Structure formats: C-alpha cells, structure tokens
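Summary of the model geometry
Listed below are the residues making up each chain.
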Amino acid sequence: VPMLNITDEPEDDQAGTLATSTKTAGSVRHVPVHRELIRLGFLEYVAAVKDAGAAQMFPAIKRRDDKGAGDDLSTWFSKYRRTLGIMRPGTSIHAARHTVRTALANVGATDAQTFAIGGWTGARGPGNSVYLHALEPSVLRGVLDRISYPGLSLPRVFVAPVWTPETPATRKTPATR
C-alpha cells in the first residue's frame, strides 16, 4: 500500500536542513495514498522528485525561517481560488480537511479510522488513545478509496516536476505565477 509519511523530523536538502513541524503528536502518521492520486500520477511524481535529489516532496514551495511551507501554500491557494471566482467563506485550503472528515463519515469510517487518516487527536472515544494500536494500511486504504466526488473529473496531471536541484526553491513555477 503506497503511504504518505507525515513527520516532524527535519530533512536535509541542498539548501541546508529544512525543519518541519506538526501541530500534535497525532499529526505524525502514515496515510495511504488514495487511488485517484495514483491515477493522476502522484507516485510517478514522487519518484521523479526523489530521482532529482529532493528531500522534501514539494521542493518548489518556498520555506522561510519564520513560517513553514504551509503558510506560502495557503497564500497561493487563496489567490488561486480567487482567480477561479471562488470567494465564499469556508473555501480555504484548511477547509479541505473538513471536507475529507465529512467524506469519511459519509462512507462509514469509524472514529479511529478518521483520526488515523486525518491526524486528529482528542475525543477518540473511551480507551482509543491508550488501547488502540496503529490501524492496518490496507484497512485505511479501503476506507479512503470509498471516498469519491461524483461529477468531479480530473485529468492525469503529472508530466515531470519543474524543480531540479539547480532550480532555487523560490523559482516561480506555472502553478505559482
């Protein structure tokens, strides 16, 4: 089962050590890759970025000492959605987490499965945080793969990464222009 490894361990890149952070201990997790991301070429993208020598999955995203990569990604997404005419409240990049949580509930995911996928902590139910071990990747993948968005049709997007080790991380890519 292809997995995303979400960690708070710093990665060493050509520009030096890149610190990463997570909000809570529950944020550090392994999440299966949804079948639709695989169809869109995500695994080929990951392989190409690794072959190019990057330590981070999205090396073209700017990172600053005072703020992490998520801040710049959020700013870019806000600008992008406005260019599409999407102005209503509740459409920030963070709202995607709420959408996924709702989608997981709609496909019958248990609280434990939802928390394991989303990295949420807190009210996991009696004893879950103490007695529940890591859930099997195949079980989580099965739950994730039940999520679909009827009417949404995405083209396969991966061709080749824009970033190379010689390209500064702050270079404007087509997606950030």
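Residues numbered from 1 in each chain as written. Predicted model: local features only at pLDDT ≥ 70, side-chain atom pairs only at ≥ 80, totals over all residues. Heavy atoms only, no water.

1. Section: the pattern of salt bridges
Our working definition: Just to be clear on terms, a salt bridge is a Lys or Arg side-chain nitrogen sitting within 4 Å of an Asp or Glu carboxyl oxygen. Secondary structure elements are taken from DSSP: a helix is a run of H or I of four residues or more, a strand is a run of E of two residues or more, and numbering for both begins at the N terminus. Accessibility here uses a 1.4 Å probe with only protein chains present; expressed as a share of the type maximum, an area under 20% marks a residue as buried, one over 50% as exposed, and anything in between as partly exposed.
Under the defined criterion, the tally for this structure stands at three salt bridges. A salt bridge links Glu-44 to Arg-156; the shortest N-O distance between them is 3.3 Å. Of the two residues, Glu-44 sits in helix H2 (residues 42-51) while Arg-156 sits in the segment after helix H7 (137-144), which places them 112 residues apart along the sequence. According to the relative accessible area criterion, Glu-44 is partly exposed, its value standing at 37%. A relative accessible area of 44% places Arg-156 in the partly exposed class.

2. With respect to the confidence of the model for the chain
Where we set the bar: The quantity known as pLDDT measures the predictor's confidence residue by residue, on a range of 0 to 100. Here, residues are in contact when the closest pair of their heavy atoms is within 4.5 Å.
A residue-level look at the chain finds 68% of positions with pLDDT of 70 or above and a mean pLDDT of 75. The least confident element of the chain, judged by mean pLDDT, is strand E3 (residues 16-18) at 48; the most confident is H7 at 92. Across residues 13-17, where pLDDT falls below 50, the model places eleven contacts with residues more than four positions away in sequence or in other chains. This model gives residues 169-177 a pLDDT under 50, and the stretch forms 13 contacts once residues within four places in sequence are excluded.

3. Things to note about the nonpolar core
Worth spelling out the cut-off: In plain words, nonpolar cores are sets of buried Ala, Val, Leu, Ile, Met, Phe, Trp, Tyr and Cys residues tied together by side-chain atoms within 4.5 Å.
With nine residues, the main nonpolar core is built from Val-31, Ala-103, Leu-104, Ala-109, Ile-117, Leu-140, Val-143, Leu-144 and Ile-147. Of all the secondary-structure elements, those providing two or more residues to this core are helix H4 (95-106) and H7. Ranked by residues supplied to this core, first place goes to H7 with three residues. The contact partners of Ile-117, leaving out residues within four places of it in the chain, are Arg-29, Val-31, Leu-104, Leu-140, Val-143 and Leu-144.

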